[in-house]
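Architecture and fold: a report
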Amino acid sequence: MSTGQKKLLGLDSPDRVELVDDRGKGYRINHHNSRRRPQSYKPISTDIDSLLEEIQVELDHAHVTSAVDPTRGYIPRDKLPKILTPERIRTIVEMSCFRNHQDKNRLTAQICFGSKGSAPRLELLAVLIAIGKTKDLPEYIRDGIDDHCLPMVMDSSSEKRLSCRRHQSHNTVNNYRRPNDRINFSHWSYSLNAPYIRSNKEKHMHYRLNPGDIFPMREETVVSRNEVVQANHEGPENVMPPAYGGFSEVLRVKIEKSHHDFGDVGVRHPRGFFALKRLTSHKRDNFNLELASLLFSMDNATNDAARRHLIQLLATFEVSTPSPGPTYYLLFDWADGNLTDFWRKNQHLVGDKRHCKWMAQQFHEICSALQCVHNQRKETLHLIDGNQLARTLPGRTMKVQELYGRHGDIKPDNFLWFRTAQSSPESYGLLALSDFGLGRLHTQVSRSLQNPKDLTWTATYRAPEFDLPDGMISRASDIFSLGCVFLEYVSWFMLGLESVEKEFTELRIHPDIYDIEADTFFVTRFDESIGKHQPYLKPEVENWIAMLQRHENCTWYLHQFLETIRDKMLKPERDGRIDILDLIQEMKLLRRSCEGNDSFYLKTKAES
């Protein structure tokens, strides 16, 4: 980047984010209007009034309730051509109101497919049939109205006048005497124009919608901020929600196939589920920080493998409302759960040494993904005013780059488990790092000032420096937390879920610096010789690792992995911990040893 040229952030970066104001309609019409265009069309031998009534019923039945607003519905775009077929339209244009159109086949083609300088009028015809105004279509054609003019926005006056983005006001529709006719026209025009959502790696799509727009998504599950599943319409069991970040509500939805094209971005769920995250904050800056964090992390991935292990953002939405302000949505692929869910649902893998090869690959690529987050933080912090970020922890003031240059909340709940359509019994899907928005970290710092005992640094997995009056928080804090998670993973694999959720946890419970019973992996003690607290790895943790290494099923891979966790990741002193780049190399070496020599992960030390 040249001197004086500042890179823009999130929504303000036109090179990275495309603002979509037409619901994706222009792209859809230009790229997907590929239906066959015969030269002539044969009308149906039927009574036209009966045909119109039949079409009205089919349009009513085609409505799908939207996940975002259950009081409203949309018609999937692939349904309309099946209802308004060329043969039916050819029959309709025999009505006397079309007598000035001599070439009925040409008119039929124009309605179905459009013509040079004019978009199709298929949606327009559907709206008019639905509200009982089919005979007015010739007037709409003369007024220059086509499908590009839909949906029409209704003003707040008592007359409920309508306008379109292209031409503003149209006399034809606004000349209706009854405001209710315009209300119905607007509602139907929206139901036939649910957004077409797409994504690609080069440019992120941000859809700017208005309150009349309807999301083309069927609701499957509602996940509240407290992560409680309220409803589950598919499957015999409730699915515990994965973590897509706090301060939000998450809907598990299915998107109509004719309303999306995400290319090779993300990981498709085998049953077609997606996660729609609705932010509770209406502040643009909060949304923009999260958007920038996600995009920078995706862009800074050193390779496709690292990118796969970061949650992939598919699209974002902004619904304008005057009060309390815009509502922001983020769209992701749906995960089958978090890491704890993975452990619970795959207990048959406990002790199966073949699983170690997959573990080695996942841990290597997860470390690469964490490096992407660290790189993203550094870049993002250069683009925002650090003075706007809270940077005081109880008893100390931190450097912005140190405090915010990390993930800050590494725990099993923030590793999403994706069971992909391509998953084989040996691959088990993949694990992806989530919830690394800078806005969330800022909120955590701010709240810690109100009561140090309420630190939301994921108490169990926090690093010792959080409990030290002079402790310096940095990226090394993430390394300690990651070491805790890795140790729990090995414990689950060797001993089962109860060892993680009960036995190992209970062994670690001791009063912490706030005299609260805590299951952290470290303890602090006052050292009189230097006059301050010093951190130590809890003896129970050291003994637990030694026990795992002595276990009869401990392979060479697991033994060396546990050594790395104990000696390089769980160092109580921040400066003694391994750097992320060196950790990636350690994980790479372990992975290559597994891939190059099956005995390394299949045979125990006693068997070698």
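Nothing here was measured: the structure is a model prediction, and the numbers come from that model.

**Topic: the packing of aromatic side chains**
One pair of aromatic rings is described through two measures. These are the centre distance and the angle between the planes. By the definition in use, this model includes 25 aromatic pairs. Put simply, the rings of F342, W343, W358, F363, W417, Y428, F486, Y489, W492, Y557, F561 and F600 touch in pairs and so form one group of aromatic residues. The residue whose ring lies beneath R508 is F504, and the NZ or CZ to ring-centre distance is 4.5 Å. R525 extends its terminal NZ or CZ atom over the ring of Y536, reaching a point 4.8 Å from the ring centre.

**Some words on the sheet that holds strand β15 (residues 337–338)**
Taken together, the 3 strands give an open sheet; going across it, the order is β15-β18-β19, and neighbouring strands pair in antiparallel fashion. Sheet topology places β15 and β19 (430–433) at the edges, where each strand pairs with a single neighbour.

**Here we look at the packing of helix α6 (residues 122–130) against helix α9 (residues 179–191)**
When two helices pack together, you describe them by how their axes are tilted relative to each other and by the distance separating the axes. Where α6 contacts α9, the axes come no closer than 9 Å and their chain directions differ by 135 degrees. The angle between the axes of α6 and α9 places the two elements in the oblique class. Our pair here, α6 against α9, has a crossing hand that is right-handed. Across the interface between the two elements, L124, V127, L128 and A130 of α6 pack against F185, W188 and S189 of α9. Split into classes, the residues belonging to the contact of α6 with α9 amount to 6 nonpolar, 1 polar and no charged.

**Focus: the nonpolar core**
Nonpolar side chains in soluble globular proteins tend to be buried together. Counting residues in each nonpolar core, the largest one holds 67 residues, and the members touching the most others are F342, L482, L487, Y489 and Y557. By residue number, the principal contributor to this core is helix α16 (residues 475–495), which donates 12 residues. Ranked by size, the runner-up nonpolar core spans 45 residues in total, among them I197, F273, A275 and L330.

**A closer look at the pairing of strand β14 (residues 327–333)**
Counted residue by residue, β14 has 7 buried out of 7 residues, so it is predominantly covered. Neither face of β14 is open: one carries T327, Y329, L331 and D333, the other Y328, L330 and F332, and all of them are buried. As paired elements, strand β12 (residues 273–279) and β14 share 5 bridges and run antiparallel to each other. Bridging from a neighbouring strand, L276 pairs with L331 of β14. Relative to β14, strand β13 (residues 313–319) is paired through 6 bridges, and the arrangement is antiparallel. Looking at β14, one finds that V319 is bridged to T327.

**Considering the environment of R354**
Tracing the backbone shows R354 in the loop between α12 (339–345) and α13 (355–383). A sequence separation of 248 residues divides R354 from L602, and the C-alpha atoms of the two residues are 6.6 Å apart. Not counting residues within four places of it along the chain, the set of residues in contact with R354 comprises Y601 and L602. In this structure the side chain of R354 is engaged in a polar contact, spanning 2.9 Å, whose partner is the side chain of D352.

**Here's the deal with the sheet that holds strand β5 (residues 162–164)**
What the 3 strands build is an open sheet, ordered β4-β5-β6; its pairing is antiparallel. A strand with exactly one partner marks an edge of an open sheet, and here the two such strands are β4 (153–154) and β6 (168–169). Of the strand pairs in this sheet, β4 and β5 are connected by 2 bridges, and their pairing is antiparallel. Bridge pairing in β5 links V153 to S163.

**Points about the pairing of strand β22 (residues 522–527)**
With 6 bridges joining them, β22 and strand β23 (residues 532–537) adopt antiparallel strand pairing. Looking at β23, one finds that V523 is bridged to Y536. Hairpin connection from β22 to β23: 4 residues lie between these consecutive antiparallel strands, with G531 at a positive phi of about 70 degrees.

Cut-offs used in this document
- Residues numbered from 1 in each chain as written.
- Predicted model: local features only at pLDDT ≥ 70, side-chain atom pairs only at ≥ 80, totals over all residues.
- Heavy atoms only, no water.
- Phe/Tyr/Trp six-rings, centres within 6.5 Å; stacked < 30°, edge-to-face > 60°.
- Lys NZ or Arg CZ within 6 Å of the ring centre and 35° of its normal.
- Pairing = 2+ DSSP bridges.
- Helix = DSSP H or I, 4+ residues; strand = E, 2+ residues; numbered from the N terminus.
- Axes fitted to C-alpha atoms, helices over the stretch in contact; angles between N-to-C directions.
- Parallel < 35°, antiparallel > 145°, perpendicular 65-115°, else oblique.
- Left-handed = near helix turned anticlockwise from the far one by under 90°.
- Contact = heavy atoms within 4.5 Å.
- Nonpolar A, V, L, I, M, F, W, Y, C, P; charged D, E, K, R; others polar.
- Core = buried A, V, L, I, M, F, W, Y, C linked by side-chain atoms within 4.5 Å.
- Buried < 20%, exposed > 50% of the residue type's maximum accessible area, 1.4 Å probe, protein only.
- Polar contact = N/O pair within 3.5 Å; in protein donor to acceptor, adjacent residues only side chain to side chain.

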